[in-house]
Amino acid sequence: MGFDSIVGTAMVLVGVSAGFTAAFSNPFTIGVAQGIAELPIFSGMTLRIIYWLLFMAVSIAFVMRYAHKVKKDPTKSIMYEEGQVTSTVTKVKKQEKLTKIQAITLGVLLLTLVVLAYGVLEYGWYIIEIAALFLIFGIIVGLINNMKINEIAENFVKGCKELVVGALVVGFAYGVLVLLQDSNTIDTILNGITKAISGMPSELAALGMYVMQGLMNFIVTSGSGQAALTMPIMTPLADLLDVNRQTAVLAFQMGDGISNIFAPTSGLLLAGIAMAGISYGKWFKWIWPLILIHYVLGAIFVTIAHMFVWV
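Just so it is clear, the model here is predicted, and its values are computed rather than measured.

Criteria and thresholds
- Residues numbered from 1 in each chain as written.
- Predicted model: local features only at pLDDT ≥ 70, side-chain atom pairs only at ≥ 80, totals over all residues.
- Heavy atoms only, no water.
- Axes fitted to C-alpha atoms, helices over the stretch in contact; angles between N-to-C directions.
- Helix = DSSP H or I, 4+ residues; strand = E, 2+ residues; numbered from the N terminus.
- Left-handed = near helix turned anticlockwise from the far one by under 90°.
- Contact = heavy atoms within 4.5 Å.
- Nonpolar A, V, L, I, M, F, W, Y, C, P; charged D, E, K, R; others polar.
- Phe/Tyr/Trp six-rings, centres within 6.5 Å; stacked < 30°, edge-to-face > 60°.
- Buried < 20%, exposed > 50% of the residue type's maximum accessible area, 1.4 Å probe, protein only.
- Patch = residues over 30% accessible without salt bridge, like charges linked within 9 Å, V, L, I, M, F, W, Y side chains within 5 Å.
- Areas by Shrake-Rupley, 256 points an atom, 1.4 Å probe, with all protein chains shown as cover.
- Salt bridge = Lys/Arg side-chain N within 4 Å of Asp/Glu carboxyl O.
- Lys, Arg positive; Asp, Glu negative; His and termini not counted.
- Charge placed at Lys NZ, Arg CZ, Asp CG, Glu CD.
- Core = buried A, V, L, I, M, F, W, Y, C linked by side-chain atoms within 4.5 Å.
- Expected span 1.5 Å × (residues − 1).
- Parallel < 35°, antiparallel > 145°, perpendicular 65-115°, else oblique.

Caption draft 1: Layout of the packing of helix α10 (residues 223-240) against helix α11 (residues 245-257). Between α10 and α11, whose axes approach to 10 Å, the crossing angle comes to 145°. Both α10 and α11 take part in a crossing whose hand is right-handed. For the pair α10 and α11, the contacting residues are G223, Q226, A227, T230, M231, T235, A238 and D239 in the first and R245, A248, V249, F252 and D256 in the second. Residues of the contact of α10 with α11, tallied by class, amount to six nonpolar, four polar and three charged.

Caption draft 2: Examining the packing of aromatic side chains more closely. Here the structure, examined in full by the defined rule, presents 12 aromatic pairs. Each ring, one from Y51 and one from F301, has its centre 4.0 Å from the other, and the planes form 10°; the classification is stacked. Within this pair, whereas Y51 is found in helix α3 (residues 45-72), its partner F301 is found in helix α13 (residues 280-309), the two being separated by 250 residues in sequence. Relative accessible area serves as the criterion here: at 4%, Y51 is assigned to the buried category. Here the aromatic rings of F62 and W286 are separated by 5.2 Å at their centres, their planes lie at 65°, and the arrangement is edge-to-face. Note that F62 is positioned in helix α3 and W286 in helix α13, a separation of 224 residues in sequence.

Caption draft 3: Geometry of a positive patch on the surface. Among the surface-exposed residues, R65, K69, K72 and K76 lie close enough to one another that they form a single positively charged patch. Within the secondary structure, K76 sits in the loop between α3 and α4 (100-123).

Caption draft 4: Highlighting the nonpolar core. In terms of nonpolar packing, the biggest core is built from 40 residues, with F55, M209 and M231 touching the most fellow members. Breaking this core down by element, the ones donating at least two residues are α3, α8 (185-198), α9 (202-216), α10, α11 and α13. Ranked by size, the runner-up nonpolar core spans 22 residues in total, among them L13, V14, W286 and L290.

Caption draft 5: Local environment of a nonpolar patch on the surface. A cluster of nonpolar side chains, contributed by L135, I139, L143, I149, F156 and V157, occupies part of the molecular surface with about 580 Å² of accessible area. For the nonpolar patch, the secondary-structure elements that each account for two or more residues are α5 (127-144) and α6 (149-161). With respect to the secondary-structure elements, L135 resides in helix α5. Its relative accessible area of 47% is what places L135 among the partly exposed residues.

Caption draft 6: Representation of α11 in the model. When the terminal C-alpha atoms of α11 are compared, their 19 Å separation across 13 residues agrees well with the 18 Å that a helix rising 1.5 Å per residue should span. In terms of residue burial, α11 counts as a mostly covered element, since 12 of its 13 residues are buried. Those residues of α11 that fall on the buried side of the exposure criterion are Q246, T247, A248, V249, L250, A251, F252, Q253, M254, G255, D256 and G257. Residues of α11 that are buried in the fold lie against α1 (5-21), α2 (27-36), α3, α9, α10 and α13.

Caption draft 7: Looking closely at the side chain of T105. On the secondary structure map, T105 appears in helix α4. The contacts of T105, once residues within four sequence positions are left out, are F137, V141, I144 and N145.

Caption draft 8: Structural detail: unusual backbone geometry. Unlike most non-glycine residues, E38 shows phi in positive territory, near 60°. Residue position: E38 is located in the loop between α2 and α3.

Caption draft 9: Structural view of the pattern of salt bridges. According to the stated counting rule, one finds two salt bridges in the structure shown. A salt bridge links R245 to D239; the shortest N-O distance between them is 2.6 Å. A relative accessible area of 41% places D239 in the partly exposed class. Each of E38, D239 and R245 takes part in one network of salt bridges that share partners.

Caption draft 10: Region of interest: the packing of α4 against α5. At a closest axis distance of 10 Å, the pairing of α4 and α5 adopts a crossing angle of 165°. Considering the angle they form, α4 stands roughly antiparallel to α5. In this structure, the crossing between α4 and α5 has a hand that is right-handed. Contacts from I101, I104, T105, V108, L109, T112, L113, V115, L116 and V120 in α4 reach I130, L133, F134, F137, I140, V141 and I144 in α5. Of the residues assigned to the contact of α4 with α5, the class counts are 15 nonpolar, two polar and no charged.

Encoded structure:
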């Protein structure tokens, strides 16, 4: 299509990160945090939907601007020296029609996503249940496409080959987290930051929480894990500093998500760029302006919520 590997990777990683950061119904972040803060699950959704639209619009515009620049002049690509950009656009010679089997496969995928959403919301499904669901989905799709059991297994292994490097990187990143937890380093950092926030005036306390959550996400990259670790402390602290608990949840939500597409401890990021063949240095060179924009947007969102909405 005339783009480079940055564009292809950004469409996935930036889309996932922006949607996760500004989500309005994420059970693993908002759901857990609001439950700990004793708020109705997914309450305050109207404001969060507005924030999601703004956050996604800015993120899409950033990716589209770069994509347009690369397509117009391939030498402007960050990956030009690596040869991961083409100056010619491949034209589709023949328009293929969607076959009946392909349509059924897409239907099964859609049904799987519906079952996934229902299971997460109603039964609290997490990694094990979700993995089992997609394994069942893969087997069903294989049978629909007239594959034998051995063929399904062989294709599954071929697919795993693309993920091995990313999986190893995620494992190493998680190893760092285990060391920080077992050495009580996380508790020491959290205690120090909490003391700093507790001395702030009410007007700045919400921003202090936002900054604290952003720093913690470099250490605890799991959204639900960070909520479980920080919200039991942030909730009573918010009450003491006259910060609405909804604002405290929003500060956690924004601080937790933004760094996921540039933090070297993020398994999502490291796996994605490893599969795309993009070095961390190249990715950071491209993404840092968007990160600054995201952090500024997050600060504005938290301030507006604290000063004018959830007063």
